[in-house]
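Each chain is listed here by its residues.
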Amino acid sequence: MQTVPWSCAWDVNNSHYMYTGLQNGMVLQFDRRQTMRPVESMTGLTGNPVHTVRSLSADPTLGAGVRSVLSASSVGLCHWNFGSSDERPCLIPESENQGICISLACGDRNDDIVASFRPKLEISGDMAASQVLLTPVSTMEQAVDGSHVLYRRMGCRYQKLVASCAKVSGIRLPKSAIIDRGKNSMFAAGDETTMELVLQELPSLNVAQRIKSLNRPIRDVRYARLQNSGLLGCLSEDKLQLCSHKLQ
């Protein structure tokens, strides 16, 4: 039985491959040279939708042909190794107890990873197991007290470094981004209270700058390098705002 895809990403090491995260918690690997069926499919640790997938740079400690992927669902972050025989995905320590994971950002080198969380609902009984992305109607489109958490990747291991408080969406899954500038990298995400784009220094997560956005909740944030400059895009419901800077 087919299920709905929620996310996708190209392989950063080989452009022939791509990955998609499914509503049932699975992640599939495809080869664009033959797309009739996935090259490999892996079952997740839970059945929660995979709302973000990120291909990771090659780990020299793994065998040849092994490709790593980081995913995010409501339960936290998960590391997957495709091409490794019978290996199950593993949950990143200290990502399962932060709340409901709603966003994941990775730098170009995949060293710095920032996940965003909102509080879990207090649900008793059998309904607790089904808590995926549910939020009471009264909190829809309202800002709630959440957090941004920085992790450092070291091969297949991850270390939680620091966390900061944040005003995040009570229902949506907004995107965030890492501005990879070497020693001066930053994390960019929207503030649901002020409708500003907030830039935070890495690894401290101290606020460096607030950029006034478009008086609408920020849906997506993307960063790209263009020759000698960097371009930061901020998308709201109906408008796109671009900011550029010179690379040193």
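All of these numbers come straight from a predicted model, not from anything done at the bench. Counting restarts for each chain, with residues numbered from 1 along the sequence as it is written. It should be noted that, the model being predicted, local features are given only for residues of pLDDT at least 70 and side-chain atom pairs only at 80 or more, the latter also being counted only at that level, while totals for whole chains, interfaces and linings use all residues. For side-chain calculations, the full set of non-hydrogen atoms in the structure is used, while hydrogens and water are omitted.

Focus on the overall build of the protein chain
Rules: Only runs of H or I of at least four residues qualify as helices and only runs of E of at least two qualify as strands under DSSP, and these elements are numbered from the N terminus. Type-normalised accessible area, obtained with a 1.4 Å probe on protein chains alone, sets the label of each residue: buried when under 20%, exposed when over 50%, and partly exposed for intermediate values. The contact definition used throughout considers only heavy atoms, calling two residues in contact when any of these lie within 4.5 Å. Each accessible area is a Shrake-Rupley result for a 1.4 Å probe, and residues are judged covered by the shown protein chains and nothing else.
Along its length, the protein chain carries zero helices and 19 strands. Looking at the protein chain residue by residue over its 248 residues, the buried ones come to 46%. In the protein chain, of all internal contacts separated by at least 6 residues, the share reaching a separation of at least 24 is 47%. Approximately 12900 Å² of the protein chain is accessible, and the part contributed by carbon and sulfur atoms is 51%.

Re the nonpolar core
Test applied: For the purposes of this section, nonpolar cores are sets of buried Ala, Val, Leu, Ile, Met, Phe, Trp, Tyr and Cys residues that join through side-chain atoms within 4.5 Å.
Of all hydrophobic cores here, the largest spans 14 residues; its most connected members are Leu70, Leu77, Leu104, Ile113 and Tyr151. Breaking this core down by element, the ones donating at least two residues are strand 6 (67-73), strand 9 (100-106), strand 10 (112-118) and strand 11 (143-154). When neighbours within four sequence positions are excluded, Ile113 is seen to be in contact with Leu70, Leu77, Leu104, Ala105, Cys106, Val149, Leu150, Tyr151, Arg153, Tyr158 and Ile178. Listed in part, the 12 residues of the second largest apolar core include Ala177, Met186, Ile218 and Leu232.

Overview of the packing of aromatic side chains
Here is the rule we go by: Put simply, two rings from Phe, Tyr or Trp (the six-membered ring, in Trp's case) pair if the centres are within 6.5 Å, and we call them stacked under 30 degrees between planes, edge-to-face over 60, tilted for the rest. Only when the NZ atom of a Lys or the CZ atom of an Arg is both within 6 Å of the ring centre and within 35 degrees of the ring normal do we say a charge sits over the ring.
This structure, assessed with the given rule, holds one aromatic pair. Seen in terms of ring centroids, Tyr19 and Phe82 are 5.4 Å apart; in terms of plane orientation they differ by 45 degrees. Their pairing is tilted. Of this pair, Tyr19 sits in strand 2 (residues 17-22) while Phe82 sits in strand 7 (residues 76-82), placing them 63 residues apart in sequence. Over the aromatic face of Tyr17 sits the side chain of Arg33, whose NZ or CZ is 5.9 Å from the ring centroid.

A short note on the side chain of Gln200
Filter applied, for reference: In the analysis that follows, any N or O atom pair within 3.5 Å is treated as a polar contact, provided that within protein one partner can donate a hydrogen and the other can accept it, and provided that, for residues neighboring in sequence, both atoms belong to side chains.
On the secondary structure map, Gln200 appears in strand 15 (residues 196-201). Take Gln200: its relative accessible area is 5%, and that puts it in the buried class. Engagement of the side chain of Gln200 in a polar contact is seen with the side chain of Ser164, the distance being 3.2 Å.

Concerning the pattern of salt bridges
We count it as follows: Here a salt bridge means any side-chain nitrogen of Lys or Arg lying within 4 Å of a carboxyl oxygen belonging to Asp or Glu.
In this structure the tally under the stated criterion is 10 salt bridges. In this structure, Arg210 and Asp191 form a salt bridge, with 3.4 Å as the shortest nitrogen-oxygen distance. In this pair, Arg210 sits in strand 16 (residues 207-212) while Asp191 sits in the loop between strand 14 (186-190) and strand 15, placing the two residues 19 residues apart along the sequence. What makes Arg210 partly exposed here is its relative accessible area of 42%. Sharing partners across several salt bridges, the network here consists of Asp191, Glu196 and Arg210.

Looking at the pairing of strand 11
Quick reminder of the rule: Whether two strands pair comes down to DSSP finding at least two bridges between them.
Bridge analysis of strand 10 against strand 11 gives six bridges, and the strand direction is antiparallel. Bridging from a neighbouring strand, Ile113 pairs with Tyr151 of strand 11. Relative to strand 12 (residues 157-169), strand 11 runs antiparallel, the two sharing 12 bridges. Bridging across to strand 12, Met154 finds its partner in Arg157.

In short, geometric facts, not functional conclusions.
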